[in-house]
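Chains, contacts and geometry: an overview
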Amino acid sequence: MFKIIKGMKKGSKPEVIEPPPGPNAPSDVTVNHASRSGIPPAQLSTTKSQAISRNPAPNTGVIEVTPLLKDVPISERHVLFIRKVNMCSASFDFSDPLKKVKEKEIKRQNLQELVELVQSGSSKMNEIMQEEMVNMISDNIFRPLPPQAFENTGAIDGDPEEDDMYLEPSWPHLQLVYELLLRYVVSPDTDTKVAKRFIDHSFVLNILDMFDSEDPREREYLKTILHRVYGKFMIHRPFIRKAINNIFYRFIFETERHPGLGELLEILGSIINGFAVPMKEEHKLFLVRALIPLHKAKFINYYHQQLSYCVTQFVEKDYKLADSVIRGLLKYWPVTNCGKEILFINELEEILDATQPSEFQQCMVPLFRQIGRCINSPNFQVAERALFLWNNEHIVDLIAQNRDVILPILYEPLEKNIRGHWNSAINGLTGNVRKMFIEMDAELFEDCSDQYMEKEAMDVKMLEKRELNWKKLEAIASESGGGDTVMVN
């Protein structure tokens, strides 16, 4: 998606852009810091409404055409750079395409030049220039987001897919700002010891807040940038994980709405993949307290693929977590949402693929009770997906090793399907599963059949006895006569 970042040619040295020396430095360019809000220390417990937010700097300066940085002497580049950055801090109204067309184009050209400067690595920026550039980036990116579609309509329980997609009007400028930030973060010339003064916890927290944007193009950039920041700034890693954790908690217990959940989970999938073994206790708690409860959301289909990958990564890293994960899935198993139920079975198969026999034995009884209910589902897609589990060799091996426990649980659901499921394809699949059990252990299958027949006979006797009791009650009530007579049907 992004261009390949090429380094400098061998033997070339970056030109260092130095600030003008001493009191004789030109003073005709000033940076209006007063327009930028101060950044208080960020606390992890802050919610989005309490998080630091920068307002774009007002357009107080003159937006005019300036020469290219490469066309001016090195001694003048510092002043020109600051001037260009200051002009790029100005914000424009994109709701009217005919308004300030010239100024918008000048800002776009300046941003494009800054992107090329950072990408090429031909000129090395000093601390002052880096700070001003990061402040300009903050002024552009960290802005109030418009209300989401469901907030305007009040349809809190509506399907997000039915909401109109919002695209940021200022994207022609915003894309270049994001590209500039990405190039700055990944540049080999960026010294983390210096950059961490500007890309601090407050900056990271604001980046995370912007994942609430409904524009998928913006979230894609944010995902790449946050992942790069996590990889380059080791000092921020625990903070980023904890901040993402808090976003998940707010989603689980308050909103159940967040456009960027899939992107955040995608980043986490890469992070979890790099966890050292044995895993720290904090990582296991994150799985139990955040990732597994994310399964309870109604519209899980928008991020389930990324969530399933994260959960499976945990089980592959530590097979002992399989029992906790499977029991967590069973806890949030859907009752009336068939589409969600199919997603759960898909995820369950991936988890069982990484499950060892010892962990499987701990959860197989409640697990196959649920699978039995899925096999009997009147929705043929749910029943079909459950029966397809027997196409997985590893799962079949686990079942075969524990058939003396599993077959008595599944015999009744299989028999009910054979006798009365409305879909012929389900009948055929159920017959194939019965044959597999017979091939595993014909004697056990016969015992289960006998037990089922006995249970059926007892049920018939109980039903006859119940009907007989009701008839006796009805007879007694009719014999008593009078106005208090009660007929029992």
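Since we're looking at a predicted model, the values are computed, not measured.

Assigned secondary structure in the protein chain consists of 20 helices and 2 strands. Scored against the burial criterion, the 489 residues of the protein chain give a buried share of 45%. The long-range share in the protein chain, meaning contacts at least 24 apart out of those at least 6 apart in sequence, stands at 75%. Within the structure as shown, the protein chain displays about 25,600 Å² of accessible surface, and the carbon and sulfur contribution to it stands at 53%.

Moving on, we get to helix α16 (residues 380-387). Of all the positions in α16, only V382, A383, R385, A386 and L387 are classed as buried. Those residues of α16 that are buried lie in contact with α14 (338-353), α15 (357-375), α18 (403-420) and α19 (424-440). Sitting at the amino-terminal end of α16 is N379, which places a side-chain oxygen 3.0 Å from the backbone nitrogen of Q381.

The next thing to look at is the nonpolar core. Grouped together as the largest cluster of nonpolar side chains are 122 residues, with contacts concentrated most on F248, L291 and W390. Sort the elements by how many residues they give to this core and helix α5 (residues 171-186) lands first, with 10 residues. Those residues in contact with W390 that lie beyond four places of it in its chain are F368, I371, I375, V396, I399, L410, V433, M436 and F437. Listed in part, the 5 residues of the second largest apolar core include I63, M87, A90 and I106.

With that settled, the discussion passes to a negative patch on the surface. On the surface, E443, E446, D447, D450 and E454 cluster together into a negatively charged patch. Its place among the elements puts E454 in helix α20 (residues 442-480).

Bringing the pattern of salt bridges into the picture now. Per the counting criterion, the structure on display carries 23 salt bridges. A salt bridge links E113 to K84, with the shortest nitrogen-to-oxygen separation between them at 2.9 Å. Separated by 29 residues along the polypeptide, E113 in helix α2 (residues 101-120) and K84 in helix α1 (residues 74-88) bring together distant segments of the chain. Its relative accessible area of 12% is what places E113 among the buried residues. Note that E456 and R419 form a salt bridge whose closest N and O atoms lie 2.6 Å from each other.

Moving on, we come to helix α3 (residues 127-141). The end-to-end C-alpha distance of α3, which contains 15 residues, comes to 21 Å, matching closely the 21 Å that a straight helix rising 1.5 Å per residue would cover. For α3, the tally of buried residues reaches 12 of 15 residues, placing the bulk of the element in the interior. Of the residues making up α3, those classed as buried are M129, Q130, E132, M133, V134, N135, M136, I137, S138, D139, N140 and I141. Its side-chain oxygen placed 3.2 Å from the backbone nitrogen of I128, N126 serves as the N-cap of α3.

For the rest of this paragraph, the subject is the environment of P172. Mapped onto the secondary structure, P172 falls in helix α5. The exposure class of P172 is partly exposed, given its relative accessible area of 44%. Separated by 78 residues in the primary sequence, P172 and F94 have C-alpha atoms spaced 9.6 Å apart. Leaving out residues up to four positions away in the same chain, P172 has contacts with F94 and R108.

Further remarks concern the confidence of the model for the protein chain. Residues with a pLDDT of 70 or more make up 82% of the protein chain, whose mean pLDDT is 84. Predicted confidence for residues 1-13 stays below pLDDT 50, and this span has 15 contacts to residues more than four positions away or in other chains. Here residues 20-60 is modelled with pLDDT under 50, and outside its nearest four sequence neighbours on either side it reaches 76 contacts, counting other chains as well.

Residue P278 is reached from V277 by a cis peptide bond, and omega for that bond is 0°. Tracing the sequence through the fold places P278 in the loop between α10 (261-273) and α11 (281-291). The phi angle at K100 is positive, at roughly 50°, despite the residue not being glycine. By the secondary structure assignment, K100 is in the loop between α1 and α2. The class of K100 is partly exposed, set by a relative accessible area of 41%. Residues other than glycine seldom take positive phi values, yet E256 does so here, at roughly 55°. Note that E256 resides in the loop between α9 (237-255) and α10.

By secondary structure assignment, the location of R143 is in the loop between α3 and α4 (149-153). In terms of polar contacts, R143 uses its side chain to reach the backbone carbonyl oxygen of I141, at 2.8 Å. Among the polar contacts listed, one links the side chain of R143 to the side chain of E168, at a separation of 3.2 Å.

Bringing the packing of α14 against helix α17 (residues 393-401) into the picture now. For the pair α14 and α17, interaxial distance at closest approach is 9 Å and the crossing angle is 70°. Relative to α17, α14 is oriented roughly perpendicular. For the pair α14 and α17, the contacting residues are E349, L352 and D353 in the first and H394, I395 and L398 in the second. A breakdown of the residues in the contact of α14 with α17 according to their chemical character gives 3 nonpolar, 1 polar and 2 charged.

What follows covers the packing of aromatic side chains. The geometry of an aromatic ring pair comes down to the distance between the two centres and the angle between the two planes. This structure, assessed with the given rule, holds 15 aromatic pairs. Both rings, one in F142 and one in F203, keep their centres 5.2 Å apart while their planes meet at 75°; by these two values the pair is edge-to-face. Of the two residues, F142 is situated in the loop between α3 and α4 and F203 in helix α7 (residues 201-209); the sequence distance between them amounts to 61 residues. Considering the side-chain rings of Y411 and F445, the 5.2 Å spacing of their centres and the 65° angle between planes classify their relative orientation as edge-to-face. Here F445 lies in helix α20 and Y411 lies in helix α18, a separation of 34 residues in the sequence. The pair Y411 / F445 is uniform in exposure class, with both members buried. Three or more aromatic residues link up through ring pairs in this structure, and these residues are W171, Y178 and Y221.

Procedures and definitions
Residues numbered from 1 in each chain as written. Predicted model: local features only at pLDDT ≥ 70, side-chain atom pairs only at ≥ 80, totals over all residues. Heavy atoms only, no water. Helix = DSSP H or I, 4+ residues; strand = E, 2+ residues; numbered from the N terminus. Buried < 20%, exposed > 50% of the residue type's maximum accessible area, 1.4 Å probe, protein only. Contact = heavy atoms within 4.5 Å. Areas by Shrake-Rupley, 256 points an atom, 1.4 Å probe, with all protein chains shown as cover. Polar contact = N/O pair within 3.5 Å; in protein donor to acceptor, adjacent residues only side chain to side chain. Core = buried A, V, L, I, M, F, W, Y, C linked by side-chain atoms within 4.5 Å. Patch = residues over 30% accessible without salt bridge, like charges linked within 9 Å, V, L, I, M, F, W, Y side chains within 5 Å. Salt bridge = Lys/Arg side-chain N within 4 Å of Asp/Glu carboxyl O. Lys, Arg positive; Asp, Glu negative; His and termini not counted. Charge placed at Lys NZ, Arg CZ, Asp CG, Glu CD. Expected span 1.5 Å × (residues − 1). pLDDT = per-residue confidence, 0-100. Axes fitted to C-alpha atoms, helices over the stretch in contact; angles between N-to-C directions. Parallel < 35°, antiparallel > 145°, perpendicular 65-115°, else oblique. Nonpolar A, V, L, I, M, F, W, Y, C, P; charged D, E, K, R; others polar. Phe/Tyr/Trp six-rings, centres within 6.5 Å; stacked < 30°, edge-to-face > 60°.

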